[in-house]
Amino acid sequence: MTTGTIHGVGLGPGAADLMSVRADRLVRGARHVAYFRKAGRRGHARTIVEGMLRDDVVEYPMDYPVTTEIVFTDPRYNECLSAFYATCTAHILSLVQRGEDVVVLCEGDPFFYGSFMHLHSRLLPHAPVAVVPGITGMSGAWTASGAPITWGDDVLTVAMATLPEPELTRRIAETDALVVMKIGRHLPKLRRAIAAAGRSEQAWLIEHAAQAGERVRRLAEVEDAPAPYFSIALIHGQGRRP
């Protein structure tokens, strides 16, 4: 029996014309397309490829059973998501074992803080898996800011706003250039951490980079309400240059 291939396809930060040629070809030619989404939503990855899918495409939306309803430190969080990924893996394997190829749509890059990684580790022992890299959301964010993120020997740190405040403060204070992701309701904590590190005047917030509604502001000018899901904070490095 011929086995199909699972393709984890990076779609980039949100604009279809920032996809790679390979990603475009795979998406347009796919008979089976899978993508993650929040229950009740269309899904950002699916929205990016609107108008690109073939007429006879078979879609497999993977609805997260939980997002922020349970804190990730609660054992139930991992139990719930583990069962979810097992179900998704079984369905995708059932297709490739029939000889079908499956394209899994991935926001940004599949191997950079993405849900596809949890499928990849489960699928890899059982079927061929190919990964197509994509432009990351953070690359879209610093491009939107209009300034290079690093110079010369600058050290770039990528941190999650979900970190404990003291750890977040330490990371911010010790690095030259900074990217902070997963901000959302953690925006007030992030603002405090940046202030404690003495870097408030250097920080920027980029919302919806490379998407409709892109917005670039100094973090000090942003209200303390939860940040939009697609928000990234930046501090640009100021290192060695000719």
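For the structure itself, consult the block above.
Here is a short report on the structure shown in this document.

Criteria and thresholds
Residues numbered from 1 in each chain as written. Predicted model: local features only at pLDDT ≥ 70, side-chain atom pairs only at ≥ 80, totals over all residues. Heavy atoms only, no water. Axes fitted to C-alpha atoms, helices over the stretch in contact; angles between N-to-C directions. Helix = DSSP H or I, 4+ residues; strand = E, 2+ residues; numbered from the N terminus. Parallel < 35°, antiparallel > 145°, perpendicular 65-115°, else oblique. Left-handed = near helix turned anticlockwise from the far one by under 90°. Contact = heavy atoms within 4.5 Å. Nonpolar A, V, L, I, M, F, W, Y, C, P; charged D, E, K, R; others polar. Buried < 20%, exposed > 50% of the residue type's maximum accessible area, 1.4 Å probe, protein only. Pairing = 2+ DSSP bridges.

Turning to the packing of helix 3 (residues 75-96) against helix 4 (residues 116-123), a few remarks are in order. The N-to-C vectors of helix 3 and helix 4 enclose an angle of 60°; their axes lie 10 Å apart at closest approach. The orientation of helix 3 with respect to helix 4, classified from their angle, is oblique. The way helix 3 lies across helix 4 gives a crossing that is right-handed. Facing helix 3, whose interface residues are S82, Y85, A86, C88, T89, I92 and L93, helix 4 presents H118, L119, R122 and L123. Grouping the amino acids of the contact of helix 3 with helix 4 by side-chain chemistry returns 7 nonpolar, 3 polar and 1 charged.

Turning next to unusual backbone geometry. The phi dihedral of H208 is positive, around 55°, even though this residue is not glycine. Its location among the elements puts H208 in the loop between strand 8 (203-207) and strand 9 (215-218). With a relative accessible area of 24%, H208 lands in the partly exposed category. If you check the backbone angles, A210 has positive phi at about 65° while not being a glycine. Its place among the elements puts A210 in the loop between strand 8 and strand 9.

Where burial is concerned, most of strand 1 (residues 6-10) is hidden: 5 out of the 5 residues are buried. Note that strand 1 and strand 5 (residues 129-132) share 4 bridges and pair parallel. In the strand pairing of strand 5, V9 is matched with V132.

The analysis is restricted to geometry; functional conclusions fall outside its scope.
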